[in-house]
Amino acid sequence: MADAITAPDVVRAEASDSIESKLKRVPLVLNRRNFRWITDRISGVVEEPAPRWWWVTFAITSLTAAFGLFCLGYQISTGVGTWGLNHPVGWAWDITNFVFWIGIGHAGTLISAILFLLRQKWRTSINRAAEAMTLFAVICAAIFPGVHVGRVWMAWYLAPLPNNYGIWPNFRSPLLWDVFAVSTYFTVSVLFWYTGLIPDLATLRDRATSKIKKFFYGIFAVGWRGSNRHWRHYEMAYLLLAGISTPLVLSVHSVVSFDFATSILPTWHTTIFPPYFVAGAIFGGFAMVLTLLIPARAIYKLQDIITIQHIDKMAKIILLTGSFVAYAYAMEFFVAWYSGNHYERFAFANRVLGPYWWYWWVGMLFCNCLSPQLFWFRWCRRNIYVVYFVSMCVNAGMWFERFIIIVGGLHRDFLPSSWGMFYPTWVDIWTFIGTFGIFTSLFLLFIRYLPMIAMSEVKIVLPEADPHFQSAEQHHPVAAGGKERT
Amino acid sequence: MSERANVVPMPEGEFFEANRFAGKSALFGILALIGIVLSVVGGLVAPHQFAYSWLFGFAYFFTLLIGCFFWTIVHYAVDAEWTVVVRRQLENIASLLAVMAVFFIPVLLLRHHLYEWMNIPRGQEPLLDSKRLYLNMPFYLGRCVLYFVFFGAAAFLLRRFSVRQDRDGNPWWTLASRKLSFLSLPLFGLCLTFAAYDWLIGTDYRWFSTMWGVYIFAGAAGSSMSLLVLVITALRSAGYLRDVVTLEHYHIMGKWMLAFTVFWAYIGFGQYMLIWYANIPEETQYFIRRNVESWNVLNLLLVVGRFFVGFPLLLLRGPKKQPLKICVIAGWLLLMQMLDIYIIVLPALHGTGVHLSIWDFVPLLTIGATLAFLFLRVLGKASLFPNRDPRLIESLYLVN
């Protein structure tokens, strides 16, 4: 009876099949799409006339942006009093919005630089749009510290420029470090983004049908011909920029966290702030990437390039960073209690039970800590609606978090007689909404005029790009193992 | 050594011949016995000094083992490929975590020398009384049991699953390990954090830092990768894993050493700078104690040695692809981790400056030799690499 197949054997065999299917690497580009299809589909977004929805959306967002700019103009011409700032709340929506946007500006460079160094090939489908989003978010962020100083025409004092007054910025101030950190980050991110764009700009130049387009894409493609030498220089430049960008991703939000943590204010001064802020930034940044790319992939039918696998992986990063953020929240509470410091203990109790209690319960606890926990489950990570829901929760939650750190830390200071509350004015609210207008308008312009997916990089991760590639059925082991992988 | 693998290894795996190394094993065994005898003497003759020395040795090896456990669970959680060929050694080292429970016994026996809070009765110190909900003996013991049960059981199971797969080749074990690793990740974070609180800064119940758990983690992860490099190189020089581990694997291990050298510096700097900047006495007391007299020299050596020496060397590609050079750097980083733990533990005893004692070396000998002895025994029990892992081929043909 040695050859008899028993029921348990069958069950085991079936189970084994499903296990093997779970372990199988799924290709990064689905449906065996070839180089040409990728070029046509992505260039097509730029080359075809703008669809009606684009014009309608752009009209709305640019009007919102314009109103936001009007609010900024009103605030600059009238004074910071147009915002709801008061004593003791000297920082409120302005700095909350600054930290919120600068945090969003983290995912792009993380995807481009850190995931590049970690050889995560799945990044190629999403890095271009994420990097563009990074730049636009940093632009929105830069508005707030610039105007919150009140006399914006004196903002040049932030730079260490020799001047007749002998006035120098305070180099010991983390606010000044911020100026350097953010401007360096923006500069390097622009360079990195632009370097990655060059081969794709050349593709657009070569396909351009009008002289104007050919001229402008040609100028920005800086003479790219795709020669071996060009590629060699390009890849070295890309690697070096990735290496330079990696510490910047970590340093920018660490420096932003120093704005708070170097103070002696309860809830602000805590040593875990640097990694906690960085994790929070990546967390919020990835949520925004998903917020933008999930509709974009549906509208432009890019599901074969931005696959469910990509969304799954981004959801995992949200789970990881969200859980670290939850750990940091927990450590803050634990150490506030463990320190035995009455002020710390009061401040954290106030966070949970004080007048801003619901910001903590809804924003920090539900949106940031609990909602990402859905991503422990595979079907949640692969369900677009669940992913979108969680992304929106995180977008909101991260704003709430910054608000409760800033206003929650300020509104009840050491002197109970000066306790107060913050109430935003219409200028506060519309300036913030205006930055969303600026952000989305810039993003819409980006997808209209530039390839939103890095065509050349996506092609590199196709199995056909491997020199050992033979045919779809007969892969060289290296090609099969090394290229059809995640 | 070839740059990349070009031969497929034997499907039945490679086995460590314990007989060949019986001499070394016996040597470690004898050293361990000598160490145990000396430890008993130390515990009786100079219990106060020995308590701190033992805690130093215990914490040093604990961070190394816990780091290997971390790399194992991360391997499964992210479904990595490159680690497959070196993973068995991570599992072997991490499986010794259960033994650390035995080495914790001296800490418990000498607890009154180490942890001031255990000696102060209720009602005497208001600050301490406000923390009694956490700092009380039953809860402390319960936590310690939890740490060892979790780390010991998870590390044991992960190795067992992996070894089982060597025999039956069933990919189910990979999925089971993945699930176990997912569960282990948050528990690892919490257990390591609170163990770092309980054991290391518990020596001064007044001090606190939210970054503490992350700081200990950063040192553990980087130094355990260094340990892995040394173990793999030792096995290769003994003639094992030659067709399996390539320079590409060394390159990646070197890159992780670099990453965690930077991460350690980042976390260490963040913690130090924020405390220095705010200048609050409750917080600065920890660093003031470690920045005075001869302690300052060691502190500077740690900063310069671990970061300013380690970083530029590891930044270069050359040393990462030359086993001899990367081993020298790995050995140096392990020394730096030892120095780090020394600076954490011993100033609690000698607040006025470095006071190197003979007893500081005994725990290193005892725990180190015992672990080495047990490691050689564990090594012979299974193949030196997971020979039927579903990702083995990808790991063999690794290209950076």
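1. Remarks on the overall build of chain B
Then, in step 1: Of the regular secondary structure elements, chain B holds 17 helices and 0 strands.
Then, in step 2: Its C-alpha atoms give chain B a radius of gyration of 21 Å, near enough to 21 Å, the size a compact globule of 400 residues would have.
Then, in step 3: Dimensions of chain B, computed from C-alpha atoms along their principal axes, come out at roughly 70 × 40 × 40 Å.
Then, in step 4: The buried share of chain B, reckoned over its 400 residues, is 61%.
Then, in step 5: The long-range share in chain B, meaning contacts at least 24 apart out of those at least 6 apart in sequence, stands at 85%.
Then, in step 6: As presented, chain B carries roughly 15500 Å² of accessible surface, and 71% of it is formed by carbon and sulfur atoms.
Then, in step 7: Side chains of chain B carry 31 positive and 23 negative charges; the gap between the two charge centres is 4 Å.

2. Looking at the confidence of the model for chain B
As a note on interpretation, predicted positions should not be read in detail where pLDDT is low.
Then, in step 1: With 97% of its residues at a pLDDT of 70 or more, chain B has an overall mean of 93.
Then, in step 2: For this predicted complex, the interface confidence comes out at an ipTM of 0.94, alongside a pTM of 0.93.

3. Here's the deal with the environment of Val387 of chain A
Residues and elements named next belong to chain A.
Then, in step 1: Looking at the element boundaries, Val387 is found in helix α15 (residues 384-410).
Then, in step 2: Distance in space between the C-alpha atoms of Val387 and Ile294 is 9.1 Å, their sequence separation being 93 residues.
Then, in step 3: With near-sequence residues (within four places) excluded, Val387 lies in contact with Leu290, Ile294, Ile311, Phe375, Cys380 and Arg381.

4. Some points on empty space enclosed by the protein
All names here are of chain B.
Then, in step 1: Under the criterion given, the structure shown has 3 cavities of 30 Å³ or more.
Then, in step 2: The calculated volume of the largest cavity comes to roughly 60 Å³.
Then, in step 3: When residues of the lining of the largest cavity are traced back to their parent elements, those giving at least two are α2 (47-77) and α9 (172-200).
Then, in step 4: Take the lining of the largest cavity: its biggest share by element is 5 residues, from α9.
Then, in step 5: Considered class by class, the residues forming the lining of the largest cavity number 8 nonpolar, 1 polar and no charged.
Then, in step 6: When its volume is computed, the second largest cavity comes out at roughly 50 Å³.
Then, in step 7: Contributing to the lining of the second largest cavity are His75, Tyr76, Asp79, Ala80, Val84, Arg87, Thr174, Arg178, Asp389 and Arg391.
Then, in step 8: Of all the secondary structure elements, the ones that give two or more residues to the lining of the second largest cavity are α2, α3 (84-94) and α9.
Then, in step 9: Here the residues of the lining of the second largest cavity are counted per class, giving 3 nonpolar, 2 polar and 5 charged.

5. Here we look at the packing of helix α12 (residues 342-353) of chain A against helix α13 (residues 357-370) of chain A
Think of two packed helices as two axes; the pair is described by the angle between the axes and how far apart they sit.
Residues and elements named next belong to chain A.
Then, in step 1: Close contact between α12 and α13 brings their axes to 5 Å; oriented N to C, the two are set at 75°. By the angle between their directions, the pair α12 and α13 is classed as roughly perpendicular. Contact with α12, carried on its side by Arg351, Val352 and Leu353, involves Trp357, Trp360, Trp361 and Met364 of α13 and no other residues of that element.
Then, in step 2: The residue inventory of the contact of α12 with α13, partitioned by class, reads 6 nonpolar, no polar and 1 charged.

6. A short note on the environment of Asp178 of chain A
All names here are of chain A.
Then, in step 1: Relative to the helices and strands, Asp178 is located in helix α7 (residues 174-207).
Then, in step 2: Given a relative accessible area of 7%, Asp178 falls into the buried group.
Then, in step 3: It is 21 Å that separates the C-alpha atoms of Asp178 and Pro266, two residues lying 88 residues apart in sequence.

7. Side note on the pattern of salt bridges
Then, in step 1: Taken as a whole and judged by the stated rule, the model has 28 salt bridges over all chains.
Then, in step 2: Among the ionic pairs, Arg25 of chain A bridges to Glu81 of chain B, the shortest N-O distance being 2.9 Å. One end of the pair, Arg25 of chain A, is in the loop between α1 (7-23) and α2 (35-47); the other, Glu81 of chain B, is in the loop between α2 and α3, on a second chain. For the residue pair Arg25 of chain A and Glu81 of chain B, the accessibility class agrees, reading buried in each case.
Then, in step 3: One salt bridge connects Glu332 of chain A with Arg351 of chain A, and the closest N-O pair in it is separated by 3.3 Å. You can see Glu332 of chain A sitting in helix α11 (residues 308-338) and its partner Arg351 of chain A sitting in helix α12, a full 19 residues away along the chain. Taken as a pair, Glu332 of chain A and Arg351 of chain A share a single burial class, namely buried.
Then, in step 4: A network of salt bridges, in which partner residues are shared, links Arg25 of chain A together with Asp79, Glu81, Arg178, Arg391 and Glu394 of chain B.

8. Here we look at the side chain of Arg448 of chain A
Then, in step 1: Of note, Arg448 of chain A is situated in helix α16 (residues 426-449).
Then, in step 2: Discounting residues that sit within four places of it in the chain, Arg448 of chain A has contacts with Val45, Val46, Glu48, Pro49, Ala50 and Trp54 of chain A.

Conventions adopted
Residues numbered from 1 in each chain as written. Chains lettered and ligands numbered in written order. Predicted model: local features only at pLDDT ≥ 70, side-chain atom pairs only at ≥ 80, totals over all residues. Heavy atoms only, no water. Helix = DSSP H or I, 4+ residues; strand = E, 2+ residues; numbered from the N terminus. Rg over C-alpha atoms; globule rule 2.2 N^0.38 Å. Buried < 20%, exposed > 50% of the residue type's maximum accessible area, 1.4 Å probe, protein only. Contact = heavy atoms within 4.5 Å. Areas by Shrake-Rupley, 256 points an atom, 1.4 Å probe, with all protein chains shown as cover. Lys, Arg positive; Asp, Glu negative; His and termini not counted. Charge placed at Lys NZ, Arg CZ, Asp CG, Glu CD. pLDDT = per-residue confidence, 0-100. 1 Å grid on protein atoms, 1.4 Å probe; cavity = no way out; pocket = protein on both sides within 12 Å on 5 of 7 lines; lining within 4 Å. Points joined across faces, edges and corners; volume = space filled by probe spheres on them. Nonpolar A, V, L, I, M, F, W, Y, C, P; charged D, E, K, R; others polar. Axes fitted to C-alpha atoms, helices over the stretch in contact; angles between N-to-C directions. Parallel < 35°, antiparallel > 145°, perpendicular 65-115°, else oblique. Salt bridge = Lys/Arg side-chain N within 4 Å of Asp/Glu carboxyl O.

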